[in-house]
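Spelled out from the first residue to the last, the chains are:
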Amino acid sequence: MVDLALHGQSVVTGEIRSRAKILDRLRIGDAVFRQLTRAAAVMVLVILGGVMISLVIGASPALREFGLGFLVEETWNPVTERFGAIAPIYGTIVTSFIAMLIAVPVGLMIAVFLTELCPMWLRRPIGIAIELLAGIPSIIYGIWGLFVFAPFLQQYVQPALIGLFGNVPILSTLFAGPPYGIGVLTAGLILAIMVLPFITSISRDVFDAVPPMLKESAYGLGCTTWEVVRYVVLPYTRVGVIGGVMLGLGRALGETMAVTFVIGNAHRISASILAPGTTISATIANEFTEAVGDLYTSSLIALGLILFVITFIVLACARYMLMRLERRIG
Amino acid sequence: MATATPLYRARRRRSGIAMGLSLAATLFGLGWLVLILSVLLYEGFSGLSLKVFSEMTPPPGADGGLLNPIMGSLALTALAVLIGTPIGILAGTYLAEYGRHDKLSSVVRFINDILLSAPSIVIGLFVYEIMVAPMGHFSGWAGAVALAVIVIPVVLRTTEDMLTLVPDTLREAAASIGLPRSLMIIRIAYRAASAGMLTGVLLAVARISGETAPLLFTALNNQFWSSNLNAPVASLPVVIFQFALSPYADWQKLAWTGALIITMTVLALSIIARIIAAPRKTS
């Protein structure tokens, strides 16, 4: 406003007017930009809502036809148009369970190594290497599983398992049958390799968040490294670790390509985990483009809806737990 | 030492065993990375030649390359980034600048985190329902939209994280010289966070360049050259899927080569992203 004092009255009014115009323009621009960002944020909610609604609409013919029986029916017959979801649901849960059984302890141990044992200069490279493992697209795991891992399992591991547990009561049914190579176990193992990096990197971040003071006090009391991990780090980070594990579980449940390659796509529930099976996502990937008839397509979309609901619940729990830990630390 | 009682020794031993196991677990984890990459390099390199980049996908038994799926993938990825990035950046801006603590932001943040790891095949179904089914045919556009839905949460997350790292004093300084808020964000905050935001976009590209599931029933596949995005478009991951599961040896060979190309692209992108983001972390 220095110029106000310097110039004559007439100039001032003109200048004020043009200034007001500019300010108006800026104000409008400001409001527009703000609303634009807000709309984009709302868009995220719209997408999720859209996914939900479109799946429900797409699935409704099948759900109307089969009702809740869809969830427990094992038949999957495109010819007679009888569809039931229990075989893929079972496959999804069993493969994810196998994956978590292996990936959780291994992932946590790697995180322990990275936060407690590893020399400082090695931490970043190993951390990055593990994260690169997470970045490899799932189709690569699939093709590798099909051509390298499955034949290896068929030739060496599965015959050994069958031989080893052949006479043990319960385990003999679990590991029964000819070694196909592809099957539920193979899919579970591939999934384990895939979710390992997720569990590792989240637990590492969570372990890093433990206040050094706490750990040092435990060391000061004479605790061994393992005791510090077991009695200080793990209890302190329990919520976060569970969150990370559930995040990995969410991945495993929804993983498509890697599983599609190696599970064998057989719509049945076998007691043996060496037998071929199917998962929700593998069924959709394999059959969707070839599905003829509305009921078939709709049944596949209903499978998608079930998968979405399951993963939504798992992921929501995971995020909630991670948020709780964050709030406690922050 | 006098304190080396049996109990103490047992505790030491237990700790040693546990730490040994953690070392073994790390070697186990890294072993898979080495194993997968080495097989991929071995199988992929033997099929790598100029032909791969200059010829179309062949019928079984004939010679050919991966030109049309490579171009298709590039086009789909570029489109997806063009659609998804602005939305992701704007939404991230709202979360970090306007509504840091309001209810909408915390809901969006929560939902976004879920979308971030939602099964991509479900996103494919969603786009099939809203685009392919009403239009009556598979199309490149639908594939691009499906990938864009995957881009948005990645970009949103990094944009928000990077903008919150920009010190508030910078914003206050901008406000104090009379800069309106929108200009402050565009000229000051974006510029300060640009490296991080670029990292987010690169990570998103890395993420979608290997995505197969959402393309299976949106962009479908195309045996031939196509510049028409309103028709099915070939993409590298889908071709790999089809060729790998085929019984033909030369198709399987091409699948390995394609897998090598994708993996190298993804690894290069994530390493570049890290290099761009790194100086910011240390300073």
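These numbers come from a predicted model, not from an experiment. (Residues numbered from 1 in each chain as written. Chains lettered and ligands numbered in written order. Predicted model: local features only at pLDDT ≥ 70, side-chain atom pairs only at ≥ 80, totals over all residues. Heavy atoms only, no water.)

Attention now goes to the overall build of chain A. Assigned secondary structure in chain A consists of 12 helices and 2 strands. Secondary structure elements of chain A occur, N-terminal to C-terminal, as α-α-β-β-α-α-α-α-α-α-α-α-α-α. Here the C-alpha radius of gyration of chain A, 28 Å, is well above what a compact globule of 330 residues would show, namely 20 Å. Over its C-alpha atoms, taken along the principal directions, chain A stretches across nearly 105 × 70 × 35 Å. Within the span of chain A, comprising 330 residues, buried residues form 51% of the whole. (Helix = DSSP H or I, 4+ residues; strand = E, 2+ residues; numbered from the N terminus. Rg over C-alpha atoms; globule rule 2.2 N^0.38 Å. Buried < 20%, exposed > 50% of the residue type's maximum accessible area, 1.4 Å probe, protein only.)

All right, on to the domain arrangement of chain A then. Residue and element names in this part refer to chain A. With domains assigned, chain A is organised as domain 1 (1-59) and domain 2 (72-329). Measuring from the centre of the C-alpha atoms in domain 1 to the corresponding centre in domain 2 gives 46 Å. Tallying the contact residues gives 7 residues for domain 1 and 7 residues for domain 2. Around 660 Å² of area is buried between domain 1 and domain 2 when both sides are counted, 87% of it from carbon and sulfur atoms. On the domain 1 side of the interface with domain 2, the three residues burying the most area are Met52, Leu55 and Ala59, jointly 59% of the side's total. Our count for the domain 1 to domain 2 interface comes out at 0 salt bridges. At the boundary of domain 1 and domain 2, one finds 2 residue pairs in polar contact (both at pLDDT 80 or more). The residue makeup of the side of domain 1 that touches domain 2, split by class, is 6 nonpolar, 1 polar and no charged. (Domains from an automatic or database assignment. Contact = heavy atoms within 4.5 Å. Buried area = accessible area lost by both parts, 1.4 Å probe. Salt bridge = Lys/Arg side-chain N within 4 Å of Asp/Glu carboxyl O. Polar contact = N/O pair within 3.5 Å; in protein donor to acceptor, adjacent residues only side chain to side chain. Nonpolar A, V, L, I, M, F, W, Y, C, P; charged D, E, K, R; others polar.)

What follows deals with the interface of chain B and chain A. Often, the extent of an interface is quoted as the loss of accessible area on bringing the components together. Across the boundary between the two partners, chain B contributes 84 residues, which contact 82 residues of chain A. Here chain B packs against chain A, burying approximately 7200 Å² in sum over the two surfaces, 82% of which is carbon and sulfur. Applying the counting rule to chain B against chain A returns 3 salt bridges. A salt bridge links Glu131(A) to Arg274(B); its shortest N-O distance comes to 2.9 Å. Viewed at the interface, chain A and chain B are joined by 7 residue pairs in polar contact (both at pLDDT 80 or more). Sorting elements by how many residues they give to the side of chain B that touches chain A places helix α1 (residues 6-45) of chain B first, with 21 residues. Here the side of chain B that touches chain A is built from residues that sort into 62 nonpolar, 13 polar and 9 charged.

A separate point is the packing of aromatic side chains. All names here are of chain A. In the structure shown here, the tally under the stated rule is 20 aromatic pairs over all chains. With a centroid separation of 6.3 Å and an interplanar angle of 80 degrees, the aromatic rings of phenylalanine 66 and phenylalanine 83 are classed as edge-to-face. Placement of the pair is phenylalanine 66 in helix α2 (residues 9-66) and phenylalanine 83 in strand β2 (residues 82-83), with a sequence separation of 17 residues. Here phenylalanine 66 matches phenylalanine 83 in class, with each residue buried. On the numbers, 6.3 Å between centres and 70 degrees between planes, the contact of tryptophan 76 with tyrosine 296 is edge-to-face. You can see tryptophan 76 sitting in strand β1 (residues 76-77) and its partner tyrosine 296 sitting in helix α12 (residues 294-329), a full 220 residues away along the chain. Both residues of the pair, tryptophan 76 and tyrosine 296, belong to the buried class. (Phe/Tyr/Trp six-rings, centres within 6.5 Å; stacked < 30°, edge-to-face > 60°.)

Relative to the assigned elements, Gly210(B) resides in the loop between α9 (194-209) and α10 (213-216). Since its relative accessible area comes to 5%, Gly210(B) is described here as buried. The sequence separation of Gly210(B) and Ala175(B) amounts to 35 residues, and the corresponding C-alpha distance is 43 Å. When residues no more than four places from it in sequence are discounted, the contact partners of Gly210(B) are Pro137(A), Ile139(A), Pro237(B) and Ile262(B).

Residues and elements named next belong to chain A. Relative to the helices and strands, proline 78 is located in the loop between β1 and β2. For the pair proline 78 and valine 292, spaced 214 residues apart in the sequence, the C-alpha separation amounts to 8.4 Å. In this view, proline 78 contacts Phe83 and Tyr296; residues no more than four positions away in its chain are not counted.

It is the contact of helix α9 (residues 225-254) of chain A with α1(B), at a shortest axis distance of 7 Å, that shows an interaxial angle of 75 degrees. The pairing of α9(A) with α1(B) is recorded here as roughly perpendicular in orientation. Along its contact with α9(A), which presents Thr225(A), Trp226(A), Glu227(A) and Val229(A), the element α1(B) presents Arg11(B), Arg14(B), Ser15(B), Ala18(B) and Met19(B). When the residues that make up the contact of α9(A) with α1(B) are grouped by side-chain class, the tally is 4 nonpolar, 2 polar and 3 charged. (Axes fitted to C-alpha atoms, helices over the stretch in contact; angles between N-to-C directions. Parallel < 35°, antiparallel > 145°, perpendicular 65-115°, else oblique.)

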